[in-house]
Amino acid sequence: CAAEGAAESRGSPLHSLGYYAELPYVAEYREWHRKCVRFVRLCLEKEFDEGELMRLKTISLLLCFCFLGFGAVPAKAAKPIRSSVLTGAGIPVGGYWGGNFKSSFYAGGETEIEWSDKFSTGMMFGYFFGHTDGMELKREFKNLHLTPYVKYTEPFGAGWHASAMAGAGIYFVNYDDDAAVPDIDDSTKRYFGYMVGASLTKMLTTSLEIGIDLRFHQIFRQEYTINTLTPALTIALHF
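Residues numbered from 1 in each chain as written. Predicted model: local features only at pLDDT ≥ 70, side-chain atom pairs only at ≥ 80, totals over all residues. Heavy atoms only, no water.

## Considering the pattern of salt bridges
Side-chain pairing between opposite charges can occur once the charged atoms of the two side chains come close.
Phase 1: Applying the stated criterion to the full structure yields nine salt bridges.
Phase 2: Across the salt bridge formed by Arg139 and Asp133, the nearest N and O atoms sit 2.9 Å from each other. No difference in accessibility class separates Arg139 from Asp133, as the two residues are buried.
Phase 3: In this structure, Arg215 engages Asp213 in a salt bridge whose closest nitrogen and oxygen atoms are separated by 2.8 Å. In terms of burial, Arg215 and Asp213 fall into one category: buried.
Phase 4: When salt bridges that share partners are traced, they join Arg82, Glu110, Glu112, Lys151, Glu209, Asp213 and Arg215 into one network. (Salt bridge = Lys/Arg side-chain N within 4 Å of Asp/Glu carboxyl O. Buried < 20%, exposed > 50% of the residue type's maximum accessible area, 1.4 Å probe, protein only.)

Structure below.
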């Protein structure tokens, strides 16, 4: 019976997928996906203080620059890799959040696998350096986000590309309120949020790309949602 079951298994459509599972780039994607899931799970289970949050931000920045600086490592992958940095502003929009808090400097980075000329998946991080209400005893929000995403790109000649992307992930929101009694000092909590956006870029060389980027982030916080537009300049390297 066991032999018959094994024979049936080998003849099944699911067994025929084993060939594709053994392809190098499929194995690499599965390993990358497994590590991302493990990292997100650890982030959900752990309570972060301000020092740990700053270390996480620093590590994320170092990882981004490692991806940009050492192209020889990802260049060995079966699929092309694109790594980019973004610098711009986080602009509060809508409701109480948009009416009471000021814009913040924003910086981020992302690395993605280009599965085809038009479709890619990746992981991005970004940091909003501080939205304040402008008062003497100020309230301030800072947040770090880690967001897996999917991206669709449409080329339209002369090296120009238009892209649309969407993703969802974890937002670590740090809140400081000098006017509260007692004072709320560096309280960091995790929230779920999502991101949608679009970009227009131009290839300057076969590996260097520059452009403009606009994304919308929404964080589902209890008191009110945090909606932020992030116009940014982007520079990317292709490996």
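## A short note on the layout of surface pockets
Phase 1: As a volume, the second largest pocket reaches approximately 340 Å³.
Phase 2: Of all the secondary structure elements, the ones that give two or more residues to the lining of the second largest pocket are strand E2 (104-114), strand E3 (119-132), strand E4 (139-155) and strand E5 (160-177).
Phase 3: When residues of the lining of the second largest pocket are assigned to their parent elements, the largest contribution, three residues, is made by E4.
Phase 4: Tallied by class, residues from the lining of the second largest pocket come to six nonpolar, seven polar and seven charged. (1 Å grid on protein atoms, 1.4 Å probe; cavity = no way out; pocket = protein on both sides within 12 Å on 5 of 7 lines; lining within 4 Å. Points joined across faces, edges and corners; volume = space filled by probe spheres on them. Helix = DSSP H or I, 4+ residues; strand = E, 2+ residues; numbered from the N terminus. Nonpolar A, V, L, I, M, F, W, Y, C, P; charged D, E, K, R; others polar.)

## Quick notes on the confidence of the model for the chain
Phase 1: Per-chain confidence: the chain averages 78 in pLDDT, with 65% of residues scoring 70 or above.
Phase 2: Helix H2 (residues 13-16) is the least confidently modelled element of the chain, averaging 42 in pLDDT, while strand E7 (residues 208-219) averages 96, the highest of any element.
Phase 3: Counted against residues more than four places away or in other chains, residues 2-17, with its pLDDT under 50, gives two contacts.
Phase 4: Residue range residues 65-76 is modelled with pLDDT below 50. Its contacts to residues more than four positions away, or to other chains, number 12 contacts. (pLDDT = per-residue confidence, 0-100. Contact = heavy atoms within 4.5 Å.)

## Topic: empty space enclosed by the protein
Summary: where empty space remains is shown by rolling a probe the size of a single water molecule over the atoms.
Phase 1: Overall, the coordinates contain one cavity of 30 Å³ or more when judged by the stated rule.
Phase 2: When its volume is computed, the largest cavity comes out at roughly 40 Å³.
Phase 3: Taken together, Arg82, Ser84, Leu86, Glu110, Lys151, Met165, Ser199, Asp213, Arg215 and Thr234 make up the full set of residues lining the largest cavity.
Phase 4: Elements represented by at least two residues in the lining of the largest cavity include exactly strand E1 (81-92) and E7.
Phase 5: It is E1 that provides the largest number of residues to the lining of the largest cavity, a total of three residues.
Phase 6: Per-class residue counts for the lining of the largest cavity are two nonpolar, three polar and five charged.

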